[in-house]
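# Inside the fold
One-letter residues, chain by chain:
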Amino acid sequence: MNYVIIGASASGMSFAKELRNLDKNCNITLISRDENVYSRCMLHHIISGHRTLKDINFVEDDFFNKYNITWLKGQTVNDLDVNKKILYTDKRSVKYDKLLIGSGAHAFIPPIKNLRESKSIYALRNIEDALSIKDALETKEKIAILGAGLVGVDVLVSLLEKNKKVSIIDMADRVLPLQLDKRSAKVYERKFIEKGASIYTSAKVEEVILDETNDPKAIKLQGGQIIECDMVIVATGVKPNIGFIREGSMEINRGIVTNDKCETSVENIYAIGDVRGVSPIWPLAMKEGKIAARNMVGGDERITDSFALRNSMNFLGVPTVSIGQVNPPDETYEVLTEEGSEYYKKIVYKDGVIYGVILQGEIDYCGAYIELIRNKIDVSHIKYDPFNIGYGDFFEISENGEYKFKAVV
Ligand SMILES: Cc1cc2nc3c(=O)[nH]c(=O)nc-3n(C[C@H](O)[C@H](O)[C@H](O)COP(=O)(O)OP(=O)(O)OC[C@H]3O[C@@H](n4cnc5c(N)ncnc54)[C@H](O)[C@@H]3O)c2cc1C
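Cut-offs applied
- Residues numbered from 1 in each chain as written.
- Predicted model: local features only at pLDDT ≥ 70, side-chain atom pairs only at ≥ 80, totals over all residues.
- Heavy atoms only, no water.
- UniProt positions renumbered as here; feature names shortened; annotations may be inferred.
- Helix = DSSP H or I, 4+ residues; strand = E, 2+ residues; numbered from the N terminus.
- Buried < 20%, exposed > 50% of the residue type's maximum accessible area, 1.4 Å probe, protein only.
- Contact = heavy atoms within 4.5 Å.
- Areas by Shrake-Rupley, 256 points an atom, 1.4 Å probe, with all protein chains shown as cover.
- Lys, Arg positive; Asp, Glu negative; His and termini not counted.
- Charge placed at Lys NZ, Arg CZ, Asp CG, Glu CD.
- Disulfide = S-S within 2.5 Å.
- Pairing = 2+ DSSP bridges.
- Axes fitted to C-alpha atoms, helices over the stretch in contact; angles between N-to-C directions.
- Phe/Tyr/Trp six-rings, centres within 6.5 Å; stacked < 30°, edge-to-face > 60°.

Under an unreviewed UniProt entry, the name given to the protein chain is Nitrate reductase, and the source organism is Anaeromicrobium sediminis. Its UniProt record, at the heading Cofactor (unreviewed entry), says of the protein chain: "FAD".

Dropping the structure here:
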């Protein structure tokens, strides 16, 4: 059996390892545009200079030898013929019996006047991007970051460490709008401002103002406000890498459509990770790699947990965990908060079930909250402080000494 994998990142690598563990004899070929294996989540550490490419490798140095995988690195798949079961890279054609697509995503560059035309515009998706940004910072001083999500804020913190003058701009009314509420976002905003950042929220970029050489001079916001800059970093989301898929040959929506077994609409082709356009986060890509490998060799496993609404972060020494629905969707949800000078906690619940939690400053018991939210456990009978729910309230020890989740208290 010839298995071919597109992608050498979270999804492709986790799939390859699991597949080899399950089938010692099959042929596995992995094709990637990437020439190195590295964690994209760590790219901001390359910009800050805290880590090297070697430091952000997330597999063993001899991975491909150890798992007996042929790696066609530095090759881009340009075309896929699903009828003939063959794909074409820029260097050769490769036949497969079963194909795993883990081609991920690329940075989305929004249609803002002059943005694409401008020089000194960067996105952060690949190691090449991180190294280019690092090089550019040798001469650039005033950087505007478009987008205050996790990637934008990661970059912001790296640049503040380099003592650059940084402005971060987002349409939402706070930084990290998907992960935080206004109160918890404010804690970070204050810290960033103390370190010298300028923060523009509820702000829409109208135009990049260019100089005569097409370098950016400033960002113009709707309403006319001008933010001076000599470099722009775009962190406004991602789009799946699906350019090699022939139109009409596979079901595509925001990304490649799959069922919960990771099967695409084409027999013997599976897709996992960011290319599905569902929830572009690392742990989900890794988990889907395992699920797809097990299913491809005849198993029947499903994606049961989208991981979508679970984030942990630690910016400028303040840890935060955000789980589930942290901003109540309507008035039928109740909100409990507790705060001190160094911490903030919030629980969003309805009919005795917790739907979302923010823990900032003190993040104890976040694992227990994840289980309560995931399993929709009724906590209404817990009479004491809901902010002090711990593992002990919901976990029991089985006969073999293993801890397991006790659904009913
Ligand atoms: C700066 C940054 C910070 C992040 N921080 C976090 C974080 O803190 N937590 C978190 O959960 N997630 C984070 N993410 C998101 C996380 O990195 C992604 O969810 C994860 O990398 C997805 O893995 P993937 O394998 O699906 O795709 P990708 O990592 O995008 O990898 C795609 C692979 O496919 C290859 N490829 C693409 N197209 C082709 C082609 N046509 N031919 C051949 N090869 C191709 C690429 O070379 C690459 O090897 C971050 C991402 C970035 C960029």
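## A closer look at the overall build of the protein chain
If you tally the helices and strands in the protein chain, you get eight helices and 25 strands. With respect to the three principal axes, the spread of C-alpha positions in the protein chain is 70 × 60 × 40 Å. The burial tally for the protein chain puts 50% of its 409 residues in the buried class. Considering only intrachain contacts with a sequence separation of at least 6, the fraction spanning at least 24 residues in the protein chain is 59%. About 19800 Å² of surface is accessible on the protein chain, with carbon and sulfur atoms providing 46% of the total. In the protein chain, which carries 53 positive and 58 negative side-chain charges, the distance between the mean positions of the two groups comes to 3 Å.

## Let's talk about the UniProt feature "domain: FAD/NAD(P)-binding" (unreviewed entry) in the protein chain
Sites flagged by UniProt as "domain: FAD/NAD(P)-binding" (unreviewed entry) map to residues 2-289. For residues 2-289, helix accounts for 23% and strand for 26%, while the C-alpha atoms at its two ends are 17 Å apart.

## Some details on the state of the cysteines
Taken as a whole and judged by the stated rule, the model has zero disulfides. Cys-41 carries a free sulfur, and the closest cysteine sulfur to it, the one in Cys-366, is 18 Å from it. On the basis of relative accessible area, Cys-41 is assigned to the partly exposed category, the value being 40%.

## A closer look at the sheet that holds strand β10 (residues 142-146)
Pairing in this open sheet of five strands is parallel, and the strands run β9-β16-β10-β11-β12 from one edge to the other. In the strand order of this sheet, the two ends are held by β9 (121-123) and β12 (198-200), each with one partner. Averaged over all adjacent pairs, the angle separating strand axes in this sheet is 20 degrees, with direction ignored. Sheet topology note: the strand β11 (residues 165-169)/β12 ladder contains three bridges and is parallel. The residue bridging Ile-168 from the neighbouring strand is Ile-199, located in β12. In the packing of helix α4 (residues 127-136) onto the sheet, the strands contacted are β9 and β16 (231-234), and the crossing angle to β9 comes to about 140 degrees.

## Quick notes on unusual backbone geometry
Notably, Asn-163 is not glycine yet its phi reads approximately 60 degrees, a positive angle. Topologically, Asn-163 is positioned in the loop between α5 (150-161) and β11. Assessed through its relative accessible area of 67%, Asn-163 is described here as exposed. Phi is positive for Asn-268, which is not a glycine, with a value near 70 degrees. Secondary-structure assignment places Asn-268 in the loop between β17 (238-240) and β18 (269-271).

## Digging into the environment of Glu-267
Within the fold, Glu-267 resides in the loop between β17 and β18. Between the C-alpha atom of Glu-267 and that of Leu-178, which follows or precedes it by 89 residues, the distance is 35 Å.

## Re the sheet that holds strand β15 (residues 226-228)
Read across the open sheet, the three strands follow the order β13-β14-β15; overall the sheet is antiparallel. One side of each edge strand has no neighbouring strand; the edge strands of this open sheet are β13 (205-210) and β15. Each strand of the sheet is rotated relative to its neighbour by a mean of 25 degrees, with strand direction disregarded.

## Some points on the packing of aromatic side chains
Enumeration according to the criterion identifies eight aromatic pairs in this entry. Residues Phe-63 and Phe-64 carry aromatic rings whose centres are separated by 5.3 Å and whose planes lie at 80 degrees to one another, so their mutual orientation is edge-to-face. The two residues Phe-63 and Phe-64 agree in class, both being buried. Here Phe-192 and Phe-315 contribute two aromatic rings whose centre-to-centre distance is 6.3 Å and whose plane-to-plane angle is 70 degrees, an arrangement assigned as edge-to-face. One end of the pair, Phe-192, is in helix α6 (residues 182-194); the other, Phe-315, is in strand β19 (residues 310-315), and 123 residues separate them in sequence.

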